[in-house]
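Single-letter residue listing:
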Amino acid sequence: MCGIVGYIGMHRAADYLVNGLSKLEYRGYDSAGIAVLENNKIRVEKCVGRLDALRTKLGNNIPEGNIGIGHTRWATHGRPSDLNAHPHVAGKFAIVHNGIIENYLKLKEELLAKGHEFTSETDTEVVAHLLEDYYEGDFEEAVKKVLRVIRGSYALAFMCEDQPDMIICTKKDNPLVIGLGDGENFIASDIPAIINETRRTFIMSDGEIATVTPDGVWIQDINGVPISKKVFIVSWNAEAAEKSGYDHFMLKEINEQPKAIRDTVSGRINLEEKNIAFPELCWTEDEMKEINKIFIVACGTAYHAGIVGKYYLEQLARIPVEVDIASEFRYRSPLVDGNSLTIVISQSGETSDTLAALREAKRLGARTLAVTNVVGSSIAREADQVVYTYAGPEIAVASTKAYTTQLLAMLMLSIYVARLRNTLDKRTIAGLVTALANLPNAVEQTLKHTETIKGLAEKYSPCNDVFFLGRSLDYAVALEGALKLKEISYIHAEAYAAGELKHGTLALLVPGVPVIVLATQEDIYDKTISNLQEVKAREAEVLAIGFEGDSSLENYADHVVYIPKTDKYLAPMLSVVPLQLFAYHAALVRGCDVDKPRNLAKSVTVE
Ligand code: M6R
């Protein structure tokens, strides 16, 4: 997904721009570019490909100016090419844009009729031409006029040759932050791009227009009404956004799970009272009793966390739950009303489909709650209530620690709701709280099996297909294991509810096909083992994941990976770890770009 950076100050802008863009590479992109004001003229350097291509293009001929904007593009309108790369220029203006200008075709026609000449196939270029068209000597006024006519979603940064002392930026439905320095200021679409420079930030909200100079930031709305914003201090440091000695962000993030879990339970479990608290939530018992249905809406891995959440909420809090893929929910006229609660789950808090689903639920009158990892994200701001996961920045495209902390948040939430609705007795809650407190250690123990899993991943990495089976919560985790494997190793992988296999998919099981069977759910354990035996009878290779002490698994499976024994509700947060490691090592052996898999982006801010 696209990235934006901007710099204004006393140093060479290009250095920050290229470095800042490199911190956004994790978002996925196909071309990159910068525009710098050099001797009062805009100089643009951009090209298709990775940032290294841009660095090579610049060589020693680096622009010298102290003000500039930069961009990494993930193509939506127009293929990846030098001309379609941002920044786009018209007359005295250069602009960069994340998002989509929905009415660009109509605007382009009007501009063409007025004699404007376009050089790209992008929707973005109309913004530069509109600015040129509307400009009558007042840069801010011209920007406001542009914002009155464009429709769609955007984070935008603008530069003007007549105003060598300012960058203007604004946003709608796309993230944008301003980093506050001393005699210099920074603009970025995401915090990792500025964290090396400053932790003091303004998180921009929709409709705010910021005029950024070396010495200050002036924020107003489209009518010129000044807006005063609180400085937001970023709590994580530059190191958290780097690899810290690991070969890949994904491996680092898998290994960070014990800490992410500790941080997410912290302040929410009370070991003395054996209870769960969410100080940030303000629900009364009566309000909770009014809720007669919950919708969980999300995409990808977060959707898989939602499926686990359904088991938790239904079994512990006894509320009926529907889980929806966000892109389906928003268009299916869901039967949402004031007595229902819609929970949206999103690591980034910016996923376009999830944000739209949240808005749809609100429009229909539902109460809403977001489970997200990014403070101040659009989803966090728009939901009625927010439960944050504290996984820290997740850079690898493949979600790992965000998933485990989403499960954790959903489990704690379910226990909390169950307590308010009196559907769980104190003893059960106490048992779960104790198990939650031990969870980080259990994940650490699970991570110790890395070498075994690596060996298995190497063995099976040449395969074309891998199947994942489980029942109940194990099935929900199987879905996530299959997604992890396909998205980073490009091996075809499918997950099935183990009991469903015989209704068709069994036909695909031929000798030697690897089948990963999760067997952690004791209430349906025997059924799972029967399905495992059906698989073995077809001479498929079975890799089982079960609890320590369950040595009987070795009688049926070719390989067993053990996870520490825990409560059945916590098992998904352990059993997913071997699946993450399996996908990681299989991808590595196959020579894949683990952190940036082909065609995928970290934050999907288009529909
Ligand atoms: O930021 P979100 O949690 O809303 O992202 C949702 C999906 O795009 C994301 O989980 C995606 O499926 C991951 N690449 C999976 O590893």
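The preceding data block contains the structure.
Residues numbered from 1 in each chain as written. Predicted model: local features only at pLDDT ≥ 70, side-chain atom pairs only at ≥ 80, totals over all residues. Heavy atoms only, no water.

Colleague: Please clarify how unusual backbone geometry should be interpreted in this entry.
Modeller: What you tend to see is this: most non-glycine residues have negative phi, and most peptide bonds are trans. In this structure, the amide linkage connecting His86 to the following residue, Pro87, adopts the cis form with an omega of 0°. Within the chain, Arg318 stands out as a residue other than glycine whose phi angle is a positive 55°. Mapping Arg318 onto the fold places it in the loop between helix H9 (300-317) and strand E18 (321-325). You can call Arg318 exposed: its relative accessible area is 56%. (Helix = DSSP H or I, 4+ residues; strand = E, 2+ residues; numbered from the N terminus. Buried < 20%, exposed > 50% of the residue type's maximum accessible area, 1.4 Å probe, protein only.)

Colleague: Could you clarify how one ought to interpret the nonpolar core in this entry?
Modeller: Judged by nonpolar contacts, the single largest core of 100 residues is most densely connected at Trp283, Ile343 and Phe468. In terms of residues, this core owes the most to one element, helix H13 (residues 401-420), which gives 13 residues. With sequence-adjacent residues up to four places away left out, Ile343 is seen in contact with Ile294, Phe295, Ile296, Val297, Leu313, Leu369, Val371, Met410 and Leu413. Counting 27 residues, the second largest nonpolar core, distinct from the first, contains Ile95, Phe118, Ala142 and Ile209. (Core = buried A, V, L, I, M, F, W, Y, C linked by side-chain atoms within 4.5 Å. Contact = heavy atoms within 4.5 Å.)

Colleague: Help me understand the sheet that holds strand E9 (residues 177-180), please; the structure alone is not making it clear to me.
Modeller: The strands that make up a sheet pair up through hydrogen bonds in the backbone, lying either parallel or antiparallel. Ordered by their spatial adjacency, eight strands build an open sheet running E3-E2-E4-E1-E10-E9-E11-E14, and the pairing between neighbours is antiparallel. Here the strands that pair on one side only, and so sit at the sheet edges, are strand E3 (41-48) and strand E14 (232-233). Alignment of strand E1 (residues 3-8) against strand E10 (residues 185-188), held across four bridges, turns out to be antiparallel. The partner of Ile8 across the bridge, within E10, is Asn185. Packing against the sheet, helix H1 (residues 13-22) makes contact with E1, strand E2 (31-38), strand E4 (67-73) and E10, and its axis sits at approximately 155° to E1. Each of E2 and E3 touches helix H2 (residues 51-58); the most contacted strand, E3, lies at about 130° to it. (Pairing = 2+ DSSP bridges. Axes fitted to C-alpha atoms, helices over the stretch in contact; angles between N-to-C directions.)

Colleague: Just checking my understanding: could you explain the side chain of Asn103 for this structure?
Modeller: Tracing the chain through its elements places Asn103 in the loop between strand E6 (93-101) and helix H3 (104-113). One polar contact links the side chain of Asn103 to the main-chain carbonyl oxygen of Val149, over a distance of 2.8 Å. In contact with Asn103, not counting residues within four places along its chain, are Val149, Ile150 and Arg151. (Polar contact = N/O pair within 3.5 Å; in protein donor to acceptor, adjacent residues only side chain to side chain.)

Colleague: When you look at the pairing of E6 in this model, what are you seeing that I'm missing?
Modeller: Counted residue by residue, E6 has nine buried out of nine residues, so it is predominantly covered. Note that strand E5 (residues 88-90) and E6 share three bridges and pair antiparallel. The partner of Val89 across the bridge, within E6, is Ala94. Turn length for the E5-E6 hairpin, with the two strands adjacent in sequence and antiparallel, is two residues, and the turn residue Gly91 shows positive phi of about 55°. Across nine bridges, the pairing between E6 and strand E7 (residues 152-160) is antiparallel. The residue of E7 that forms the bridge with Val96 is Ala157.

Colleague: Even after reading the chapter, I still don't get the packing of helix H14 (residues 426-447) against helix H19 (residues 571-589), so can you show me in this structure?
Modeller: Relative orientation and spacing of two packed helices are given, respectively, by the angle between their axes and the distance between those axes. Running from amino to carboxyl end, H14 crosses H19 at an angle of 30°, the nearest separation of the two axes being 9 Å. Taken together, the axis directions place H14 and H19 in an arrangement best described as roughly parallel. Pair H14 / H19 crosses with right-handed handedness. Contacts from Leu439, Ala442, Val443, Thr446 and Leu447 of H14 reach H19 at Met573, Leu574, Val577, Pro578 and Leu581. Considered class by class, the residues forming the contact of H14 with H19 number nine nonpolar, one polar and no charged. (Parallel < 35°, antiparallel > 145°, perpendicular 65-115°, else oblique. Left-handed = near helix turned anticlockwise from the far one by under 90°. Nonpolar A, V, L, I, M, F, W, Y, C, P; charged D, E, K, R; others polar.)

Colleague: Explanation requested: the packing of H13 against H19 in the structure shown.
Modeller: Two numbers describe how H13 lies on H19: the axes approach to 9 Å, and their chain directions differ by 170°. When the axes of H13 and H19 are compared, the pair comes out roughly antiparallel. Between H13, through Tyr403, Thr404, Leu407, Leu408 and Leu411, and H19, the contact on the second element is made entirely by Pro572, Met573 and Val576. Residues of the contact of H13 with H19, tallied by class, amount to seven nonpolar, one polar and no charged.

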